[in-house]
Each structure stands twice: as C-alpha cells, then as structure tokens.
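What follows is each chain in one-letter form.
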Amino acid sequence: MRTPTTARLVLSAAALLTAGTSLADYPERNLQGTIQWGAGGSTDVIARGLTPHVEEILDTTIVLTNRPGGTGVIGTNHVLNQRADGYQVLYGAENPQLFPVLGLADFDYGDLHPVNLTSVDIVVFVVPADSPFQTMEELVAHIQENPGELRMGNQGAASLAATTHALIDSLIDFDVRHVTFAGEGPGITALQGGHIDFMPSSLSSTREYINSGRLRALAVLDANRLEAYPDMPALTELIPDLEPYMPYGSFKGAYVHQDTPDHIKAILEAAYAEAVESEEFQAFLDNVGATSLNLSGEAAREYLQRWQSVTAWAMYESGSLERSPEEFSIARP
C-alpha cells in the first residue's frame, strides 16, 4: 500500500506528464551512485540494501562506487561537480551538514536536493567482548576519574562518533582520546582487536557483532530501550539531560544536484519513496537495526536543519568548534 507521501509524489509525476513533459526519456542510461563512505559502514550497507528496489522501479541500473575520504567531502564534492542531469546520485550520511562549521568545505546539503532521507541509525556504545566495563555507568565513571585515558574510535571530525561525543560532552565531563579510522568498518575491527576501548557506532554496523558476542553494547543513545534489546539501557537513564535531543543518530539519504530539472527530481522522489516503503526494504531496515524516515521535500529539509542546529550547537558548547554556529546562520535548537 502506498503512503500519502508516495501517492503525492506519484501524482506530481503524473501531473508533469499531462503538462506535456515526457518522463519516458528518463532514465535513458545507467545512473551513477556515489557512496561517500567506504565499504562495510552503515552508509554503504543502507545504500546497497536500497538500490536494487530503486533499480526495479526505474527499470535501470545504478552503478555504485565508494568514494570515501575527508569525512564525506570527497564523495559529496564529486557529485556536486558532475552535470545536474539526475544521473549522479549521492548516497550520504549526516556529515555534510557540519562541513562549513568545521572548515572542511564551503558547502552542505543545502547545495543538494534531498531525494529521500531514507532512515536513521540507532547509536549504541560498544566495547570489546573482554572489556572490563560491564555497564555504561562504569565506563562514564572511569572516564571522569581518568580524563583523557580511554581510547574512543571515530571516523573524523563530522562523523557519527565524533558528534555523539560532542553532544554528551556538552552535558557531562566526557574527556577521551580520539582514534580516527576511515569508516566504521575499520573501527569495528580495531575494537575487536582491543586497539581502542569503546566506540559510539550505528546498530546497523554492529548488530551482527553484538548478537554473536564479538562486541558488547553498553547503552543505546535514545529516550527508550530497544524492543530487540530490552536489557540494554537507554543513555537517557544515565544522562536525563539528553532527552530533549532525542531521537538522535546518523541519518542516511539519497541526493542529487540542486539544479537537477524538477521533473527528474519528481521521478526520483517517487521511485525512492516507493522503494523505501516496500515490505522488503522495511524488513531489511528492521534486520540491520535502522528506523525508516522516508522524507523528501520540505519535510526532509526541516529534518536536515534541525539535526544541523542540534549538533553544531552541542559541538560549540562542548568546545569542539572555534566559531559560533551563529556565524553560519545556524539557529539554536
């Protein structure tokens, strides 16, 4: 069954047909899908799980290429520098919303069109299976008693782990050593080898490791416990001041250049919305521990702006940013 959102998108595409714009000429060839993070991370997992459903709807092939580097700058910049004809799709995570405030690039998702904000990853705090920390309370207590000692894995200045740390550090003392990896996959490998002590990570990337006992999850960054893991505490139980910022996590989406023709945007929005809401993809999201969003248009833009506001100000208040978000016209949440 189509949701109202999908129905409106399909009707929009139909209206363009009646206006004399032929949609049958798109797509005439394969699309190129750029994944801004490396293989094995949550952005890659979600992109590769969704794409076959979009291909079936559009009756075409989307050739996926990983272009990691620069906390997502390389992949995003690649798509921005291609022709705005709808044949270049960016599969990205949340990171570009922080590029300007971190001085990584002078663009963010405002320079792209959000075809679909697909899903949001649930964030869990994971430690090695043989870690001495059995609870999140023990981990936090050790950090506060031994500032700067524990090694936390992250994937760069605007990564999920880094922004999660900034959010928590803006509320409590959470001083750790940051160890940077080129994606969640390498970080998970290092965690299993005991090269780092803990890492905030997406459940979609770590679920199989948690279920198999290769990693242990101490807490979920949410206001409520997860139905699938009722014994895993919500971090708001330990840090109640986090609750106004929930839900919070790494969102995934598909984007095209802002200057892409409107009728092509409409076709892509309808196709991705239908793909996201399909029973098969919803089951896939449930299996990897992600929550469906399925947002486009104004709803997607509002989501992007809220996440940017919450995160940028949390980073500024924790001392992670030198310049105030106000200088970039980012309002307080």
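Okay, so let's go over this structure.

Calculation criteria
- Per chain, residue numbering runs from 1 following the sequence as it is written.
- Thresholds applied to this predicted model are a pLDDT of at least 70 for local features of residues and 80 or more for the giving and counting of side-chain atom pairs; totals over whole chains, interfaces and linings are not thresholded and use all residues.
- Values shown for side chains rest on all heavy atoms present in the structure; no hydrogens or waters enter the calculation.
- Strand pairing requires that DSSP identify at least two bridges connecting the strands.
- Working definition: helices are DSSP H or I runs of at least four residues, strands are E runs of at least two. Numbering for both runs from the N terminus.
- Angles here are taken between N-to-C directions and fall from 0 to 180 degrees, while the axes themselves are lines fitted to C-alpha atoms, restricted in helices to the stretch in contact.
- Contacts between residues were defined by any pair of non-hydrogen atoms, one from each residue, lying within 4.5 Å.
- When a residue's accessible area, from a 1.4 Å probe over protein chains only, is under 20% of the maximum for its type it is buried; when over 50% it is exposed; and in between it is partly exposed.
- Picture the helix axis, draw a direction to every C-beta atom, and the arc is the one those directions span.
- The convention is simple: Lys and Arg are positive, Asp and Glu are negative, and His and the chain ends are not counted.
- Definition used for salt bridges: Asp or Glu carboxyl oxygen within 4 Å of a side-chain nitrogen of Lys or Arg.

Here we come to the sheet that holds strand S8 (residues 199–202). Within the open sheet, the three strands sit side by side as S8-S5-S9. Their pairing is antiparallel. Each having just a single partner strand, S8 and strand S9 (215–220) make up the two edges of the open sheet. Shown here is a sheet whose adjacent strand axes are inclined to one another by a mean of 45°, direction ignored. As paired strands, strand S5 (residues 123–128) and S8 are joined by four bridges and run antiparallel to one another. The residue bridging Val-124 from the neighbouring strand is Ser-201, located in S8. Relative to S8, helix H8 (residues 203–212) is tilted by about 105°, and along the sheet it contacts S5, S8 and S9.

Looking now at the sheet that holds strand S3 (residues 88–92). As summarised here, the arrangement of the six strands in space is S2-S1-S3-S10-S4-S11, forming an open sheet in which the pairing is mixed. Lying at the two open borders of the sheet, with one neighbouring strand each, are strand S2 (62–66) and strand S11 (290–295). Averaged over all neighbouring strand pairs, the angle between strand axes comes to 20°, with direction disregarded. By the bridge criterion, three bridges tie S3 to strand S10 (residues 250–257) in an arrangement that is antiparallel. Bridge assignment links Tyr-91 to a residue of S10, and that residue is Ala-254. Against the sheet, helix H11 (residues 297–317) contacts strand S4 (112–121), S10 and S11, and its axis sits at roughly 65° relative to S4.

Turning our eyes to something else, we now look at helix H5 (residues 136–145). Regarding H5, the residues found buried are Met-136, Leu-139, Val-140 and Ile-143. In an axial view of H5, the angular spread of the buried residues amounts to 95°, which keeps them on one side of the axis. Along its buried surface, H5 packs onto S5 and S9.

Moving on: the side chain of Glu-55. If you trace the backbone, Glu-55 turns up in helix H2 (residues 42–58). Although Glu-55 is buried, it forms no salt bridge, and the closest oppositely charged side chain is Arg-48 at an N-O distance of 9.1 Å.

In short, geometric facts, not functional conclusions.
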